[in-house]
Amino acid sequence: MSKRSRKRAARFDPLHIGWPLWVVSGAAILFLIAPVLLLLPMSLGSAEIIEFPPSKIGFDQYRKFFNHPAWQSAVINSLQVSAMTAVFSTFLGVLASLGLVWGRFRGKGLINAFIVSPMIVPLIVMALAFYISLAKFGMLGTKLGLVLAYTPLTLPFTVLPISATLRGFDRSLENAARILGANRFQTFTKITFPIIRPGILTGAIFAFMIAFDEVVIALFICGSTAVTLPKKMWDVIRYEIEPMLPAISTLLFLLATLILVLVGFLQRRIARRMTMG
């Protein structure tokens, strides 16, 4: 690179712009997260209404949430449905990724577009379609019905990280294992799976969180027997204002933050393995 090119690159380097960039960026970030940060002090209020600032600080709303049977039932339903969705979506995501990345057949682009289409199709359209389909089989208000509806919704988010990991995979390692006498199953479990495991875990985490937070499809399918936490929160906001809502929202925010940190760690492992490869 010539001196003129280096000067031009340095001129447009964001780090050389100085404090105006940091001020604007900081203001934008603060604008985005300020409403979420307000939930923390509101969640510590002990009154029977939501107030800011709280007149009395305490953990009463958290205790009520953890001791309330209806809310705990909703949490358990969400955890069970999200876990089953993550398992099914990840299993299908591994199979689909292996075929799309390593397979050689016609129509790969069409299949890939079909898998990714839930990211584009409006949720209300998918919710109505699953409502009509599941109603014919008597599966409305069931956890299995929710899992069947959530699996296509989360499948793109498992296929994308797994496919990215497979594209950086050195297949000569598989060939070496086959030459040494390993069969296909042993090769996959001993060689392929350990290397692409960070991508699989990333996809499973994304599938779990998307299913855990989803509310539009849940409104159509949950009924009154398989109420999830987002559906319960929606009902409370619509019909009554519970002072527990800021506490529940704060817990969900902390869970999402923890998940993001874990995903970032897994992404770094994926990048490191691709670099080593």
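Predicted, not measured: the structure shown is a model, and the values here were computed from it.

Engineer: Would you explain the side chain of Thr250 in this entry?
Structural biologist: The residue Thr250 is located in helix H13 (residues 245-276) in this model. Judged by relative accessible area, Thr250 falls into the buried class, the value being 7%. Side-chain polar atoms of Thr250 contact the backbone oxygen of Pro246, separated by 2.7 Å. Not counting chain neighbours up to four residues away, the residues in contact with Thr250 comprise Leu39, Leu40, Ser43 and Tyr62.

Engineer: Before we go on, may I ask you to explain the packing of aromatic side chains in this structure?
Structural biologist: For any two aromatic rings, the description comes down to two numbers: the centre-to-centre distance and the angle of the planes. Per the counting criterion, the structure on display carries 5 aromatic pairs. On the basis of an interplanar angle of 70 degrees and a centroid distance of 6.2 Å, the ring pair of Tyr131 and Phe220 is categorised as edge-to-face. Of the two residues, Tyr131 is situated in helix H7 (residues 123-136) and Phe220 in helix H11 (residues 216-221); the sequence distance between them amounts to 89 residues. Taking relative accessible area as the criterion, Tyr131 reaches 35% and is therefore assigned partly exposed. Judged by relative accessible area, Phe220 falls into the partly exposed class, the value being 28%. Ring centres 5.9 Å apart and planes at 20 degrees place the aromatic pair Phe208 and Phe212 in the stacked group. Taken as a pair, Phe208 and Phe212 lie in helix H10 (residues 184-213) at a separation of 4 residues, close to a single helical turn.

Engineer: I tried to follow the packing of helix H4 (residues 60-67) against helix H5 (residues 69-102) on my own but got confused; where do I start?
Structural biologist: Where H4 meets H5, the axes come as close as 5 Å, and the angle between the chain directions of the two elements is 70 degrees. With respect to each other, H4 and H5 are oriented roughly perpendicular. When H4 is examined against H5, the residues Phe65, Phe66 and Asn67 are found in contact with a partner set consisting of Pro69, Trp71, Gln72 and Val75.

Engineer: Just checking my understanding: could you explain the packing of H5 against helix H6 (residues 108-116) for this structure?
Structural biologist: Packing of H5 against H6 leaves a shortest axis separation of 10 Å and a crossing angle of 145 degrees. By crossing handedness, the relation of H5 to H6 is classed as left-handed. Residues Ala96, Gly99, Leu100 and Val101 of H5 lie in contact with H6, whose contacting residues are Lys108, Ile111, Asn112 and Ile115. When its residues are assigned to classes, the contact of H5 with H6 shows 5 nonpolar, 2 polar and 1 charged.

Conventions adopted
Within each chain, residues carry numbers counting from 1 in the order of the written sequence. Side-chain atom pairs in this predicted model are given and counted only at pLDDT of 80 or more, local residue features only at pLDDT of at least 70, and totals for whole chains, interfaces and linings cover all residues. Note: side-chain values were computed over all heavy atoms of the structure, leaving out hydrogens and water. Only DSSP runs of H or I with at least four residues qualify as helices, and only runs of E with at least two residues qualify as strands; both kinds are numbered from the N terminus onward. Throughout, exposure labels follow a simple rule: accessible area from a 1.4 Å probe, protein chains only, divided by the maximum for the residue type, with under 20% read as buried, over 50% as exposed, and the rest as partly exposed. N or O atoms closer than or at 3.5 Å make up a polar contact, with two conditions inside protein: a donor-capable atom paired with an acceptor-capable one, and, for residues adjacent in sequence, both atoms drawn from side chains. Here a residue-residue contact requires only that any non-hydrogen atoms of the pair lie within 4.5 Å. Any two of the Phe, Tyr and Trp rings considered here, Trp counted by its six-membered ring, make a pair once their centres fall within 6.5 Å; the pair's planes then place it as stacked at under 30 degrees, edge-to-face at over 60, or tilted in between. Axis definition: a line fit to C-alpha positions, over the contact stretch in the case of helices; interaxial angles, taken between N-to-C directions, run 0 to 180 degrees. An angle below 35 degrees is treated as roughly parallel, one above 145 as roughly antiparallel, one from 65 to 115 as roughly perpendicular, and anything else as oblique. Definitions for this section: a left-handed crossing has its near helix turned counterclockwise from the far helix by less than a right angle. A right-handed crossing has that turn clockwise. Ten residue types, Ala, Val, Leu, Ile, Met, Phe, Trp, Tyr, Cys and Pro, are classed as nonpolar, four, Asp, Glu, Lys and Arg, as charged, and the remainder, Gly among them, as polar.

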